[in-house]
2 protein chains.
Amino acid sequence: MKKAGVAILGLGVVGGGTYQILTEKKEYFKKTQGVDITVECVLEKNLDRARSLGIEEEKIAKSIEEVVCNPNVDIVVEVIGGTGVAKTFVTKALKSGKSVVTSNKELFAKHWPELEAEAKKMNVGLFFEASCVGGVPIIRTLQEGMQANKILSIKGIINGTTNYILTKMAYEGSSYEEALKEAQRLGYAEFDPTADVEGFDATYKLSILSSLAFNKKVCIENVYREGISAVNKKDIAYGKEMGYTLKLLGIGKDTEKGVEVRVHPTFIKNDDPLASVNDSFNAVHLVGDAVGEIMLYGRGAGALPTGSAIVSDVIFAAKHSEFFYAGFENNKKGNKDTKFVSDFTSKYYIRMSVTDKPGVLAKVSSVFAKTNISIFEVRQVSENEGTAQIIVVTHECNESLVKKAIEKFQKLEEVTAVKAVIRME
Amino acid sequence: MKKAGVAILGLGVVGGGTYQILTEKKEYFKKTQGVDITVECVLEKNLDRARSLGIEEEKIAKSIEEVVCNPNVDIVVEVIGGTGVAKTFVTKALKSGKSVVTSNKELFAKHWPELEAEAKKMNVGLFFEASCVGGVPIIRTLQEGMQANKILSIKGIINGTTNYILTKMAYEGSSYEEALKEAQRLGYAEFDPTADVEGFDATYKLSILSSLAFNKKVCIENVYREGISAVNKKDIAYGKEMGYTLKLLGIGKDTEKGVEVRVHPTFIKNDDPLASVNDSFNAVHLVGDAVGEIMLYGRGAGALPTGSAIVSDVIFAAKHSEFFYAGFENNKKGNKDTKFVSDFTSKYYIRMSVTDKPGVLAKVSSVFAKTNISIFEVRQVSENEGTAQIIVVTHECNESLVKKAIEKFQKLEEVTAVKAVIRME
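Throughout what follows, the structure given in this document is the object of discussion. On a predicted model such as this, the values are computed, not experimentally measured, just so you know. (Residues numbered from 1 in each chain as written. Chains lettered and ligands numbered in written order. Predicted model: local features only at pLDDT ≥ 70, side-chain atom pairs only at ≥ 80, totals over all residues. Heavy atoms only, no water.)

### A closer look at the relation of the copies chain A and chain B
- Taken as rigid bodies, chain A and chain B are interconverted by a rotation of 180 degrees and an axial shift of 0.0 Å, the fit giving an RMSD of 0.0 Å. Given the turn and translation reported, the copies of this chain are related as if by a two-fold rotation axis. Minimal C-alpha separation from the rotation axis in chain A is found for Leu296(A), amounting to 2.3 Å.
- Most of the interface of chain A is mirrored in chain B, where 100% of its interface residues are also at the interface. (Least-squares fit on C-alpha atoms with pLDDT ≥ 70 in both. Contact = heavy atoms within 4.5 Å.)

Below, the structure written as structure tokens:
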């Protein structure tokens, strides 16, 4: 039977879940997978945390050197997060000829090329299933299930925190602040929620996923990013009335014009399969030229779901000696021949506060007409105190045209403020 | 660069799609996958079909011997179907040291153990992603994405033909016969639709999927099977009113009592993620003890979706020299230590025609009470000519109790007929 020794760096939520699965299911994996996996050591500065998991004192390493010099360790699991020590430790592990399994999307989105170069040099594996969409095997699917396809588009709810917040706003009418507070109380959002709510986390994941999907390097700098902190519950409610659900989507498209990658709040139709993906669930929708539409759905985070992804990588690393590397030139700065589209086209939901008097709608409409933006639907809703809301849903048009129109609206006396500009899929 | 030669046995819809993908994307696969795949030969008795695909005369083999003796052929793709020549050909290919990729669920469900034994003996690969749920990478997910989990349940819409028919009955109010005729016209159903509509196809797939999911051999004889040919559009309509959607589900559960595997028409709640899987789309829902819920969705059939699955297997076979074999004792008769549950529990939808006079509902209710079946919901709908429909939705109860109750109803004077008994999830 094949044997493998594992070291776990970091015993936070995910590290703890991984330790639990690997130890509790040791016999099960011997039986079902034909591999005997032993956690040889852990590295965690909070010793109490290590002890509370029942880890024997002699298995608690004192330094990364102790880990990478341990000849019984074949696979190093990095679940520390961030790009500081995590990067140093992963690099040392690879240089020492250990395969690495990581859940660290930030590290991966920022330093995949260097790490992969080290892995290739040492002929070891570099696994990152857990870095994107938790327990959902999207990386494996892109690497080993979709090879026959040119992937045309990828669309996903790839951040659970923001999906929880938006679901709460939609179903309970909470404000963004209230929903965020509740997410923090439940442990779905961090004390400093910036990485999630401003879309950084989704951007890391989208850069990894769309690189694999399109077989072209997509750096995080290529991804347009807009978070949900400015989302107003009014727009979620208006959208609902009009048949749309608001989600923070990661969108990637590979078209003749180039690659288009963006993370932003997006209205989708209520009958879109992504619209019913609620709470902290995640889902990724792919279109391949052979397979057509495919969707994967599941938990994007949590000790055991993410642990499940890590352990599937560990088992793969233990069973196989041939590894996957990117099927494209994995350059830090991207590939010279990849064009990116920044002035993409989309449909838009635009809401503005206006003074409630005759002729306003005509003026607003005329701005759209002059900017060459064709209107799909308009609503005007009167409010108190002589103000009204005008909501316009446009047909497909260029982002740059919308920006021009917004500038014009801001100069119109009758328009108090442009309150929301939300892209639609 | 790794090179691989492929032979395709059978040039029907799927064989043609596979040939198309492999030839049109030869350069793409060299670039993105680092493998150079050549279709070395095909075996197809309809020579015109081969020629219409533009296959050169010298690549059209005259016999299986010519294929398996061709030293340039590394991988044999079997897309003939059935268990006749397909079995002979696949066995010859394996014995000749070729890896085999097949889309043949019947062959696989019936002869997996012998085929795997041959493959193991020769240390070649035996791939069957395309045998279940077309382009959806469910086999790969079970083999390489879910290893960390004990899978607790699998539930799926795994036959596109029946899903198309049931969708049409639900949305257009068609009768079963009308919907079947339309499915045949569109090529979704065969001239002899038995394998699909009577649930045989789904049974083959469920036996394969639940074997992999539960790491226990599940033979087709272990699967309870009931098709959709007796489904009445009235029950779809009543169910809709009550908040349920009718689907032909393959259901597998691994509980303390044993393994439970069944294919039958099933009412699911309208907000179940499977309820919105319509037309010829397929989906599989899994629950793992670590990962929680997961769902995969996509096209279950068709030249290119199934071709996509086959080609992903071909590429895997071309890149790797370590193969997956079942993680359980792959016996033809199943494993001695696996218990199966036949008297499973479920909720039930029961409709009966009754004479429309006072006291009928009381009599019907009293039969349920005496049989110890607890009722969740009852409807009585009067019809013309002194008859009425009584619809009862039960709480969870044993199948055997329901059978007892049905026998009693059939003896009741007031019950003209028990029209439908449909399990619910």
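### Some points on the side chain of Asn70(B)
- Within the secondary structure layout, Asn70(B) lies in the loop between α4 (64–68) and β3 (75–78).
- If near-sequence neighbours (up to four positions away) are discounted, Asn70(B) is found in contact with Glu40(B), Cys41(B) and Lys98(B). (Helix = DSSP H or I, 4+ residues; strand = E, 2+ residues; numbered from the N terminus.)

### Some remarks on helix α6 (residues 105–122) of chain B
Residue and element names in this part refer to chain B.
- When the terminal C-alpha atoms of α6 are compared, their 22 Å separation across 18 residues is substantially less than the 26 Å that a helix rising 1.5 Å per residue should span.
- Its axis deflected by about 85 degrees at His-111, α6 carries its strongest bend there, up to four residues before the proline Pro-113.
- Listed as buried for α6 are Leu-107, Phe-108, Ala-109, His-111, Trp-112, Pro-113, Leu-115, Glu-116, Glu-118 and Ala-119.
- Residues of α6 that are buried make contact with β3, α5 (85–95), β4 (99–102), β5 (126–127) and α11 (200–214).
- Where α6 begins, one side-chain oxygen reaches toward the backbone nitrogen of Glu-106, 3.3 Å away; that side chain belongs to Asn-104.
- A positive phi of about 55 degrees marks Asn-123, the residue just after α6. (Expected span 1.5 Å × (residues − 1). Bend = angle between axes of the 7 residues up to and from the residue. Buried < 20%, exposed > 50% of the residue type's maximum accessible area, 1.4 Å probe, protein only. Polar contact = N/O pair within 3.5 Å; in protein donor to acceptor, adjacent residues only side chain to side chain.)

### A few points about the pairing of β4(B)
Residues and elements named next belong to chain B.
- Side chains of β4 alternate between two faces, with Ser-99 and Val-101 and Val-100 and Thr-102 buried alike.
- Pairing geometry for β3 and β4, over four bridges, is parallel. Across the sheet, residue Val-77 finds its bridge partner in β4, namely Val-101.
- In this structure, β4 lies alongside β5, joined through two bridges in parallel fashion. Note that in β5 the partner of Val-100 across the bridge is Leu-126. (Pairing = 2+ DSSP bridges.)

### Regarding the sheet that holds strand β4 (residues 99–102) of chain A
All names here are of chain A.
- In space, the five strands of this open sheet follow the order β2-β1-β3-β4-β5, with parallel pairing throughout. Of all strands in the sheet, those with a lone pairing partner are β2 (35–43) and β5 (126–127), marking the two edges.
- Two elements, strand β1 (residues 2–9) and strand β3 (residues 75–78), share four bridges in a ladder whose sense is parallel. By the bridge assignment, Ala-7 is partnered in β3 with Val-76.

### A few points about the interface of chain A and chain B
- The interface of chain A with chain B comprises 45 residues on the first partner and 45 residues on the second.
- A combined buried area of about 4,000 Å² lies between chain A and chain B, and 52% of that area is made up of carbon and sulfur atoms.
- On the chain A side of the contact with chain B, Gln147(A), Tyr297(A) and Glu322(A) bury the most area, a combined 16% of that side's loss.
- Between the two partners, chain A and chain B, sit six salt bridges.
- Between Lys2(B) and Glu322(A) there is a salt bridge, and its shortest N-O distance comes to 3.7 Å.
- The tally of links from chain A across to chain B stands at 18 residue pairs in polar contact (both at pLDDT 80 or more).
- At the level of secondary structure, the elements contributing two or more residues to the side of chain A that touches chain B comprise α2 (26–33), α7 (138–145), β11 (292–299) and α13 (303–319) of chain A.
- Ranked by residues supplied to the side of chain A that touches chain B, first place goes to α13(A) with eight residues.
- The residue makeup of the side of chain A that touches chain B, split by class, is 20 nonpolar, 14 polar and 11 charged.
- In this structure, β11(A) lies alongside strand β11 (residues 292–299) of chain B, joined through five bridges in antiparallel fashion. Residue pairing across strands places Ile294(A) opposite Gly298(B), the latter belonging to β11(B). (Buried area = accessible area lost by both parts, 1.4 Å probe. Salt bridge = Lys/Arg side-chain N within 4 Å of Asp/Glu carboxyl O. Nonpolar A, V, L, I, M, F, W, Y, C, P; charged D, E, K, R; others polar.)

Take it as geometry only, folks, not as evidence of what the structure does.
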